[in-house]
Each structure stands twice: as C-alpha cells, then as structure tokens.
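This is what each chain is made of:
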Amino acid sequence: GQQVMQIPQYQHVQEGEDFTTYCNSSTTLSNIQWYKQRPGGHPVFLIQLVKSGEVKKQKRLTFQFGEAKKNSSLHITATQTTDVGTYFCAGGAGGGNKLTFGTGTQLKVEL
Amino acid sequence: NAGVTQTPKFQVLKTGQSMTLQCAQDMNHEYMSWYRQDPGMGLRLIHYSVGAGITDQGEVPNGYNVSRSTTEDFPLRLLSAAPSQTSVYFCASSRQGPGANVLTFGAGSRLTVL
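What counts and what doesn't
Residues numbered from 1 in each chain as written. Chains lettered and ligands numbered in written order. Predicted model: local features only at pLDDT ≥ 70, side-chain atom pairs only at ≥ 80, totals over all residues. Heavy atoms only, no water. Helix = DSSP H or I, 4+ residues; strand = E, 2+ residues; numbered from the N terminus. Rg over C-alpha atoms; globule rule 2.2 N^0.38 Å. Buried < 20%, exposed > 50% of the residue type's maximum accessible area, 1.4 Å probe, protein only. Contact = heavy atoms within 4.5 Å. Areas by Shrake-Rupley, 256 points an atom, 1.4 Å probe, with all protein chains shown as cover. Lys, Arg positive; Asp, Glu negative; His and termini not counted. Charge placed at Lys NZ, Arg CZ, Asp CG, Glu CD. 1 Å grid on protein atoms, 1.4 Å probe; cavity = no way out; pocket = protein on both sides within 12 Å on 5 of 7 lines; lining within 4 Å. Points joined across faces, edges and corners; volume = space filled by probe spheres on them. Nonpolar A, V, L, I, M, F, W, Y, C, P; charged D, E, K, R; others polar. Polar contact = N/O pair within 3.5 Å; in protein donor to acceptor, adjacent residues only side chain to side chain. Salt bridge = Lys/Arg side-chain N within 4 Å of Asp/Glu carboxyl O. Core = buried A, V, L, I, M, F, W, Y, C linked by side-chain atoms within 4.5 Å.

Turning our attention to the overall build of chain A. Per the secondary structure count, chain A includes zero helices and eleven strands. Ordered by position in the sequence, the α and β elements of chain A form the string β-β-β-β-β-β-β-β-β-β-β. Relative to a compact globule of 111 residues, whose C-alpha radius of gyration would be 13 Å, chain A shows 13 Å and is just as compact. Sorting the 111 residues of chain A into buried and exposed places 45% on the buried side. Sequence-distant contacts in chain A: of pairs separated by 6 or more residues, those separated by 24 or more amount to 54%. For chain A, the exposed surface amounts to about 5300 Å²; the carbon and sulfur share of it is 51%. Separation between the mean location of the 11 positive side-chain charges and that of the 7 negative ones in chain A comes to 11 Å.

To continue, consider the overall build of chain B. When you go through chain B residue by residue, the secondary structure sums to zero helices and eleven strands. Written out in order from the N terminus, the α and β elements of chain B read β-β-β-β-β-β-β-β-β-β-β. A principal-axis box enclosing the C-alpha atoms of chain B has dimensions of 40 × 30 × 25 Å. Counting across all 114 residues of chain B, residues that qualify as buried make up 46%. By sequence separation, contacts in chain B at least 24 residues apart represent 52% of the contacts at least 6 residues apart. Counting every atom, chain B has about 5200 Å² of accessible surface; 51% of that belongs to carbon and sulfur. Once the 8 positive and 7 negative side-chain charges of chain B are each reduced to a mean point, those two points are 9 Å apart.

Right, let's talk about the layout of surface pockets for a bit. Quantified by volume, the largest pocket comes out at close to 650 Å³. Considering the residues around the largest pocket, the lining is formed by 31 residues, among which Q37 and G40 of chain A together with Q37, V88 and R110 of chain B are closest to the centre. Of the residues contributing to the lining of the largest pocket, the split by class is eleven nonpolar, 15 polar and five charged. Empty space within the second largest pocket amounts to approximately 410 Å³. If you list the elements that add at least two residues to the lining of the second largest pocket, you get β1 (4-7) and β10 (99-101) of chain A together with β5 (42-51) of chain B. Residue classes in the lining of the second largest pocket are distributed as eight nonpolar, eight polar and three charged.

This paragraph deals with the side chain of Q25 of chain B. Residue and element names in this part refer to chain B. Secondary-structure assignment places Q25 in strand β3 (residues 19-25). Here the side chain of Q25 touches N28 through a polar contact of 3.1 Å, landing on its backbone nitrogen. Non-local contacts of Q25, meaning those with residues more than four positions away in its chain, are made with G3, V4, M32, R68, T71, E72 and S93.

Enumeration over the complete set of coordinates arrives at four salt bridges over all chains. One salt bridge connects R60 of chain A with D83 of chain A, and the closest N-O pair in it is separated by 2.9 Å. One end of the pair, R60 of chain A, is in the loop between β6 (55-58) and β7 (61-65); the other, D83 of chain A, is in the loop between β8 (71-76) and β9 (85-92), with 23 residues separating them in the sequence. Here D38 of chain B ties to R36 of chain B by a salt bridge, and the two come within 2.9 Å at their closest N and O atoms. A relative accessible area of 8% places R36 of chain B in the buried class. One network of salt bridges, with partners in common, ties together R36, D38 and R44 of chain B.

Turning to the nonpolar core, a few remarks are in order. The biggest cluster of nonpolar side chains holds 19 residues, and the ones touching the most others in it are W34 and F63 of chain A. Put simply, the parts of the chain that give this core at least two residues each are β3 (19-25), β4 (31-37), β5 (44-49), β7, β8, β9 and β11 (105-110) of chain A. The residues touching F63 of chain A, leaving out its near neighbours within four places in the chain, are W34, L46, I47, L49, E54, V55, K56, Q58, S73 and L74 of chain A. Y64, V66, L78 and A81 of chain B belong to the second-largest nonpolar core, a separate cluster that totals 18 residues.

Okay, structure coming up:
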C-alpha cells in the first residue's frame, strides 16, 4: 500500500533559525496536505497543494509540491516559539477522500 | 458550531473489556474516519466511511468495528481490548469530492488498556 515518510523525525532549533521538513510518498499523489499538531492537541489543517511544482506561502511558511507529485516540503523562516508542534504531511491518491499521513516531524524551538 | 465531538476524552480499560468511542459531527460531512496515533508512527487509518450505511477498512482495522447509521455519527467499537490498542484515537471528517478532502479532527480520545 501507499507509504508516506517524513524526515527528520525531530528537530530542535534556536528561535530565529529556519526549519524544513520533507515528505516522500511511495506512489504518485493527487494532492498533499499539511497539518500542525500542538503538544496535547489535535491535527489542524494548514494547506493543500494539488498541482505539480506548486509553491504556496503562508506568512513565514512555504510549502512546495514536487514536479513528480511524490514529494513535498514545508519550510519555516525565522522560527518562533509559537511554531512548536508536530507537522504532518498527508497524501491523497486517486479521487477518493482517504489520506495517508506521514510519520510527522516534531519541532522544538528554544529561546 | 461544535465541529467534530469525541467522547470520552480519557478511558482506562482492562484487557478483554469492550467499549465504544463516540464521534459526532455537525458539518454535514459525508466522509468520516478514525485514526490512531502512536509515538513515531504518525496517524494510521483504522476505518472510514463515505456515507451512511457504507464503511471500509483502513490500514490497521483488526480489533475494531465501526458502523454508520446516520451522517452525523461514526462510533468505533473495541470488542475485546488488548494492551496493543493503547493509543490516542482521533475521529476526522470531511466533505466528499475532488480537492474537498480537508479533514477536521476531533480533540481525541486517550485510551489505556491494562
């Protein structure tokens, strides 16, 4: 079945440093979504990418979808303590609603 | 607008006991799903439903049953709990259709099986 891997599993940064997490799928995706889960909370939707090579920005967050639609990345510029949490990618394939989640990257930001 | 409501938030069971995790949504979403979250494993799909009366298995369905008698409710049943089912369970829903599969999650149910 479809597998979605994320690296790194953990990342500690100093506040103000940049952060990137990478997501790779074993199969071609129809869309990819990113979610953020704060400690003790539930995943919350951030963004969806559907086009090959698509790049979207949300303030300090930049999301990319690979040309082959099998990989994606999330880059945070100048991290803040409010960025702390676990970031998940989730891939959709075919026309259905099922999403396969990546293993997540836990981000810790130190002052 | 409550969104996705899960109950209970916490539950402790003994091995072999049965229980039902409740999930209800008020957004008229056709698609509903259950995930379990374990450290280092991400979110794994247990069962899902694309509408009332229709359910299907996800990645890790063994030991769990579901039903979907109404659009709003999607309960998850553990028939005979095992320690391996200790986890945090999330219910999530979305609309149907291309590009519409953005999930809204409930707050989660933390289950411990002794």
